[in-house]
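A look at the structure
One letter stands for each residue in the lines below.
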Amino acid sequence: MSDYKPKKIESKWQKKWDDDKLYSVRENPAMEKRYILEMFPYPSGDLHMGHVRNYSIGDVVARYYSMKGFNVLHPIGWDAFGLPAENAAIKNKTHPKTWTYKNIKRQEEQMRQLGLSYDWDRTVVTCDPDYYRWGQWLFLKFYEKGLVYRDKSNVNWCPSCQTVLANEQVHGEGECWRCGSVVEQRRLAQWFFRITDYADRLLADLDLLDGWQDRVKVMQSNWIGKSRGTEVVFRLDKTDESITVFTTRPDTLFGATFFLLAPEHPVVDRLIDGTSYEQGVKKVRQTVASRTMVDRASGEMEKEGAFTGQYALNPVNGEKIPIWVADYVMMEYGTGAVMAVP
Ligand SMILES: [Zn+2]
């Protein structure tokens, strides 16, 4: 391969693909359609290997459907708003707009070098007015229908980034994921979407997701929120303890076969102290402490769990149900306890 000069030969073909508009899509009602979209990158600098991995996967899917004869729309864009860009611009002593568009240009060059099959006539940049006007239009529609409202609530606030953080962006012992500052709680007025109006439908449709991991479904239902449900109290075998579980499906109680607790659940210590199960459970807890909530829920990591050696009693039939701790059950959502019905 000593004759292979990538800079020369690749730029020649990249230009040809570009001139021929190889990946531009034309509407064609006779063909079956496929829409392939990967998560937009943040224009924060050069692409890194994580981008290459992510966008290669999407490219494979797009090419697979093209080769199967589908009319594939495979666009790309940039998620280009927010304080990270502003802070980076301040640090680099430049205007956020200059900084952002410079990075977008650079990332586009790199994506073209990678030969990703995007329709370059259909890119979007979320900080362009002709893109965000549609976000504003949607917001107004929600507002007219009474689906957004203003209220105060506690938020995670990073004093150095001067921004609100999602729970998933608070790492370790309450530090900002971006700069490591200690995150504060602030009570701020903000806009809320009334997604609870749709909770029943969203929860019901989780059952239609074929092949999704349980942990992801559990997380989704926690995020959708409790609409209507029941708290069920399970007494524990051989102790005076009891544990409360929230369930939207109390009708499935008869089928409960095991019981899952968040490793941080306050009852766990009392269950395992001085028993031979103590070590196994503490190991799960250690692993969990080094992970973010998103990691724990993502489904990408191995599930970790351990038996506590204790049993709960099913309140409807008195059956003994083994109690486990599992990394994907979290104190922050629900009661930190889940009954499992296979
Ligand atoms: Zn920060």
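Residues numbered from 1 in each chain as written. Predicted model: local features only at pLDDT ≥ 70, side-chain atom pairs only at ≥ 80, totals over all residues. Heavy atoms only, no water.

**Comments concerning the sheet that holds strand β6 (residues 163-165)**
Reading across from one edge, β6-β5-β9 is the order of the three strands in this open sheet, with antiparallel pairing throughout. What marks the edges here is a single partner per strand, and that holds for β6 and β9 (184-193). Each neighbouring strand pair of the sheet contributes to a mean axis angle of 60°, computed without reference to strand direction. Of the pairings in the sheet, the one linking strand β5 (residues 148-158) to β6 comprises three bridges and is antiparallel in character. Bridge pairing in β6 places Trp157 opposite Val164. Sitting on the sheet, helix α5 (residues 129-144) touches β5 and β9, and the angle it makes with β9 is about 80°. (Pairing = 2+ DSSP bridges. Helix = DSSP H or I, 4+ residues; strand = E, 2+ residues; numbered from the N terminus. Axes fitted to C-alpha atoms, helices over the stretch in contact; angles between N-to-C directions. Contact = heavy atoms within 4.5 Å.)

**Things to note about the coordination of the zinc ion**
Six octahedrally arranged donors around a metal ideally form angles of 90 or 180 degrees; four tetrahedrally arranged donors ideally form angles of 109.5 degrees. Coordination of the zinc ion by the protein comes from Cys158 (SG), Cys161 (SG), Cys176 (SG) and Cys179 (SG), over a distance range of 2.3 to 2.4 Å. Sequence positions of the donors to the zinc ion reduce to the motif C-x2-C-x14-C-x2-C. Placement of Cys158 in strand β5 and of Cys179 in the loop between β8 (175-176) and β9 is noted, with a sequence separation of 21 residues between them. (Donors = N, O, S within 2.8 Å, 3.2 Å for Na, K, Ca; no water.)

**As for the sheet that holds strand β10 (residues 230-236)**
In spatial order, the strands read β11-β10-β13-β14-β12-β15; together these six strands make up an open sheet with mixed pairing. Where the open sheet ends on each side, the last strands, each with one partner, are β11 (242-247) and β15 (337-340). In this sheet, neighbouring strand axes are inclined to one another by 40° on average, regardless of whether the strands run parallel or antiparallel. Pairing of strand β12 (residues 258-261) with β15, which is carried by four bridges, proceeds in the antiparallel orientation. From the neighbouring strand, Phe258 faces β15, where its bridge partner is Ala340.

**Digging into the pattern of salt bridges**
Per the counting criterion, the structure on display carries 17 salt bridges. Salt-bridge contacts for Asp46 lead to Arg106; the nearest nitrogen and oxygen are separated by 2.9 Å. A residue pair is termed long-range when its members are at least 10 positions apart, and Asp46 in the loop between β1 (33-35) and α2 (49-67) and Arg106 in helix α4 (residues 96-114) qualify at 60 residues. A salt bridge links Lys320 to Asp237, with the shortest nitrogen-to-oxygen separation between them at 3.6 Å. (Salt bridge = Lys/Arg side-chain N within 4 Å of Asp/Glu carboxyl O.)

**Quick word on the pairing of β12**
Of the strand pairs in this sheet, β12 and strand β14 (residues 320-326) are connected by three bridges, and their pairing is parallel. What sits directly across from Leu260, in β14, is Trp324.

**Some points on the packing of aromatic side chains**
Summed over the entire model, instances satisfying the criterion amount to 14 aromatic pairs. Ring centres of Tyr277 and Phe307 lie 5.3 Å apart, and the angle between their planes is 75°; on these two criteria the pair is classed as edge-to-face. One end of the pair, Tyr277, is in the loop between α8 (267-272) and α9 (278-289); the other, Phe307, is in strand β13 (residues 305-313), with 30 residues separating them in the sequence. For Phe307, a relative accessible area of 19% corresponds to the buried category. With centroids separated by 5.7 Å and ring planes inclined at 70°, the aromatic side chains of Phe307 and Tyr311 adopt a geometry described as edge-to-face. (Phe/Tyr/Trp six-rings, centres within 6.5 Å; stacked < 30°, edge-to-face > 60°. Buried < 20%, exposed > 50% of the residue type's maximum accessible area, 1.4 Å probe, protein only.)

From the geometry alone we can't say anything about function, so treat these as descriptive.
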